[in-house]
Amino acid sequence: MIAFLYVIFSSGSFGGFSLSLLFIVAYIFSNKKILLPKLYFLSFIVVGVGIFIAINPSLFALFTYYNERIMSLLSNGGLGSEGSRMMSITNALELFKNSPFVGVGLGTTDVHGFIPTMLASLGTIGTILYSLVLLTGFETSKKKNIALLLFMIPFLFFTGSLRTLYGMHMILLFLLVFREHKEVKK
């Protein structure tokens, strides 16, 4: 996981940064019985990474870049893709408002957000049907998976799209839903 997070984080992608945050939070809360040891372990890693960033000029520049992106996002600035991302989401919600039941069609939008893309492209009916297929087996998932899914909703609103059904957000959702699927006996 550490190597994977390093690759995503060092990509310079703000989406990658937020995905790294999602992975870390999911890791910490995945098993509450060992929450404290995980927090100690993560603290040790954060201190080590902090020292490594402080002495490595290229990583310090990346840290500074992410800090500027966060400040830009909070102040509605235009440093990165935040402005175009929000514009595409606003446009998708407008398309959904104009065609709320069936949407404007799959593949006709290019939105920086999975949920707004689904709403604009598939409408209410298609989004519900797609979600039902996606969440098949969810009723047998553990409670922590439900909490993780709810935590993922903001990430899915601002990242991902339907352009690639095999994208990372889809892989994460299917792993979340089906990883502990057990047959329900009636």
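All values derive from a computational prediction rather than experimental measurement. (Residues numbered from 1 in each chain as written. Predicted model: local features only at pLDDT ≥ 70, side-chain atom pairs only at ≥ 80, totals over all residues. Heavy atoms only, no water.)

A. Looking closely at a nonpolar patch on the surface. On the surface, a cluster of nonpolar side chains totalling about 640 Å² of accessible area is made up of Phe 101, Val 102, Ile 125, Ile 128, Leu 129 and Leu 132. By secondary structure assignment, the location of Leu 129 is in helix H6 (residues 114-134). We classify Leu 129 as exposed; its relative accessible area is 52%. (Patch = residues over 30% accessible without salt bridge, like charges linked within 9 Å, V, L, I, M, F, W, Y side chains within 5 Å. Areas by Shrake-Rupley, 256 points an atom, 1.4 Å probe, with all protein chains shown as cover. Salt bridge = Lys/Arg side-chain N within 4 Å of Asp/Glu carboxyl O. Helix = DSSP H or I, 4+ residues; strand = E, 2+ residues; numbered from the N terminus. Buried < 20%, exposed > 50% of the residue type's maximum accessible area, 1.4 Å probe, protein only.)

B. Inspection of the nonpolar core at higher detail. Leu 5, Ile 8, Leu 19, Leu 22, Phe 23, Phe 114, Met 118, Leu 122, Met 152, Phe 155 and Leu 156 form the largest nonpolar core, which has 11 residues in total. Put simply, the parts of the chain that give this core at least two residues each are helix H1 (2-9), helix H2 (14-29), H6 and helix H7 (143-158). (Core = buried A, V, L, I, M, F, W, Y, C linked by side-chain atoms within 4.5 Å.)

C. Up close: helix H4 (residues 57-74). Taking 1.5 Å as the rise per residue, H4 with 18 residues should run 26 Å; its terminal C-alpha atoms sit 26 Å apart, in good agreement. Taken together, the buried positions of H4 are occupied by Leu 59, Leu 62, Tyr 66, Arg 69 and Ser 72. Projected down its long axis, H4 carries its buried residues within an arc of 140°, all on one side. For H4, the exposed residues set more than 90 degrees away from the buried face come down to Pro 57 and Leu 74. (Expected span 1.5 Å × (residues − 1). Arc of directions from axis to C-beta.)

D. Geometry of H6. With 21 residues, H6 should reach 30 Å at 1.5 Å per residue; the first-to-last C-alpha distance of 13 Å falls well below that figure. Maximal helix bending in H6 amounts to about 115°, located at Gly 123. (Bend = angle between axes of the 7 residues up to and from the residue.)

E. Structural context of the packing of aromatic side chains. This model, assessed by the stated rule, comprises one aromatic pair. Judged by centre distance (6.4 Å) and plane angle (55°), the ring pair of Phe 114 and Tyr 130 falls under tilted. Residue Phe 114 is classed as buried on the basis of its relative accessible area, which comes to 2%. Taking the relative accessible area as the measure of exposure, Tyr 130 reaches 22% and is therefore partly exposed. (Phe/Tyr/Trp six-rings, centres within 6.5 Å; stacked < 30°, edge-to-face > 60°.)

F. Spotlight on the side chain of Thr 127. One can find Thr 127 in helix H6. A polar contact is formed between the side chain of Thr 127 and the backbone oxygen of Gly 123, at a distance of 2.7 Å. The residues contacting Thr 127, other than those within four sequence positions of it, are Met 118, Leu 119 and Leu 122. (Polar contact = N/O pair within 3.5 Å; in protein donor to acceptor, adjacent residues only side chain to side chain. Contact = heavy atoms within 4.5 Å.)

G. Structural context of the environment of Val 104. With respect to the helices and strands, Val 104 occurs in the loop between helix H5 (82-98) and H6. Overall, Val 104 belongs to the partly exposed group, its relative accessible area being 34%. Separated by 16 residues in sequence, Val 104 and Ala 120 place their C-alpha atoms 6.2 Å apart. Sequence-distant contacts of Val 104, that is, excluding residues within four places in its chain, are made with Leu 95, Ser 99, Thr 109, Ala 120 and Ser 121.

H. Structural view of the packing of helix H3 (residues 35-55) against H4. Axis separation between H3 and H4 bottoms out at 5 Å; the angle between their running directions is 110°. The pairing of H3 with H4 is recorded here as roughly perpendicular in orientation. Across the interface between the two elements, Phe 52, Ile 53, Ala 54 and Ile 55 of H3 pack against Pro 57, Leu 59, Phe 60 and Phe 63 of H4. Across the contact of H3 with H4, the residue classes break down as eight nonpolar, no polar and no charged. (Axes fitted to C-alpha atoms, helices over the stretch in contact; angles between N-to-C directions. Parallel < 35°, antiparallel > 145°, perpendicular 65-115°, else oblique. Nonpolar A, V, L, I, M, F, W, Y, C, P; charged D, E, K, R; others polar.)

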